[in-house]
Amino acid sequence: MSVSVEILNVSEAAKYRNFLSAEERARSASIVQETAKARFELGRGLRRRMLAEAKGVDPDELLFAEDLNGKPCVANPAGWDFNLSHAGEYVAVVVGGGCVGVDIEMVRPVREAGSIVKRYFHPDEAMAWHTVAPGLREEAFFVLWSAREASMKCAGLGLARGLSVTRVDPAILADRQAAARVGDTRMDIRRLDAPNGYVAVVAETAR
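First things first, this report covers the structure right here in the doc. (Residues numbered from 1 in each chain as written. Predicted model: local features only at pLDDT ≥ 70, side-chain atom pairs only at ≥ 80, totals over all residues. Heavy atoms only, no water.)

So, about the packing of aromatic side chains. Two aromatic rings, taken as a pair, are described by how far apart their centres are and by the angle between their planes. Scanning the model with the defined rule gives seven aromatic pairs in all. The ring of F64 carries R47 above its face, with NZ or CZ at 3.9 Å from the centroid. Stacked on the ring of W129, the Lys or Arg R137 has its end atom at 5.4 Å from the ring centre. (Phe/Tyr/Trp six-rings, centres within 6.5 Å; stacked < 30°, edge-to-face > 60°. Lys NZ or Arg CZ within 6 Å of the ring centre and 35° of its normal.)

The geometry of helix α3 (residues 113-120) relative to helix α5 (residues 137-154) is characterised by a closest axis approach of 12 Å and an angle of 35° between their N-to-C directions. Handedness of the crossing formed by α3 with α5: left-handed. Together, A113, I116, V117 and Y120 of α3 and F141, W145 and R148 of α5 make up the contact between the two elements. (Axes fitted to C-alpha atoms, helices over the stretch in contact; angles between N-to-C directions. Helix = DSSP H or I, 4+ residues; strand = E, 2+ residues; numbered from the N terminus. Left-handed = near helix turned anticlockwise from the far one by under 90°. Contact = heavy atoms within 4.5 Å.)

Taken as a whole, the largest pocket spans an internal volume of roughly 660 Å³. Residue lining of the largest pocket: 33 residues in total, with R44, R47, P72, F82 and L84 positioned closest to the centre. Within the residue set of the lining of the largest pocket, elements represented by two or more residues are α1 (22-29), α2 (34-55), β2 (64-66), β4 (81-87) and α5. Of the pockets and cavities examined, the second largest pocket occupies roughly 220 Å³. Only β3 (72-74) and α5 provide two or more residues apiece to the lining of the second largest pocket. The element best represented in the lining of the second largest pocket is β3, accounting for three residues. (1 Å grid on protein atoms, 1.4 Å probe; cavity = no way out; pocket = protein on both sides within 12 Å on 5 of 7 lines; lining within 4 Å. Points joined across faces, edges and corners; volume = space filled by probe spheres on them.)

Taken in spatial order, the three strands line up as β1-β5-β4 in an open sheet, and their pairing is antiparallel. A single partner strand is all that each edge strand has here, and the edge strands are β1 (3-9) and β4. Shown here is a sheet whose adjacent strand axes are inclined to one another by a mean of 15°, direction ignored. Bridge count for β1 against strand β5 (residues 90-96) is seven bridges, and the pairing is antiparallel. Considered in β5, the bridge of S4 is made with V95. Of the strands in this sheet, β1, β4 and β5 touch α2, which is tilted by about 20° from β5. (Pairing = 2+ DSSP bridges.)

A few words on the pairing of strand β9 (residues 185-191). As paired strands, strand β8 (residues 177-182) and β9 are joined by six bridges and run antiparallel to one another. Pairing of Q177 across the sheet is with R190, part of β9. From the end of β8 to the start of β9, which pair antiparallel, there are two residues, and G183 there has a positive phi angle of about 65°. Relative to strand β10 (residues 198-205), β9 is paired through five bridges, and the arrangement is antiparallel. Bridging across to β10, R190 finds its partner in V202.

Pairing is antiparallel across the open sheet formed by five strands, whose spatial order is β6-β10-β9-β8-β7. At either margin of the open sheet sits one strand with a lone partner, and together these are β6 (100-106) and β7 (166-168). Sheet twist, expressed as the mean angle between neighbouring strand axes with direction ignored, is 20°. With three bridges joining them, β7 and β8 adopt antiparallel strand pairing. Paired with R167 across the bridge in β8 is R181. Contacts between α5 and the sheet are confined to β6, β7, β8, β9 and β10, with β6 contributing the most and set at about 155° to the helix.

Structure below.
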């Protein structure tokens, strides 16, 4: 997959403040909660640094906007796309030369996980989840959830529009790479090396 992905702890946020625009610095100053402030600074600064490196431009030249579906995008993309996600104390950013999406999740107990899987996951995914050993289902739930989320973000759809039209190959539970489909859009998905206690998946439109 022709993408660049980084997962960093919010403790590194200070290193990325210099990459923020004046507007972003003003927004950061208005955020009271420390972790939320660090996530904002790290996410915005990291995406600007990674995109500048990919495009070969100065970080200050980058302008951002939203597409028709409300997904943040580069105002002067030249074919480049990015996406970011955060969970707990980590922020994940992906940059690629096509549509991309990323999701990171903290593995944790989920009440009524079985009901959520039955209601929102594709039947193939639900069947695969139920075959996982009970002690491993917690992580498997978030692998499938993260894969679905990354795929929907890659397709430019949110949960409301994407849940019912998304299918990820259940092979992602055992393999590092698999395929996914959101409506008529096909994509490649890949599990990332995530921090202990987390899972993360990146998606890229299939070429």
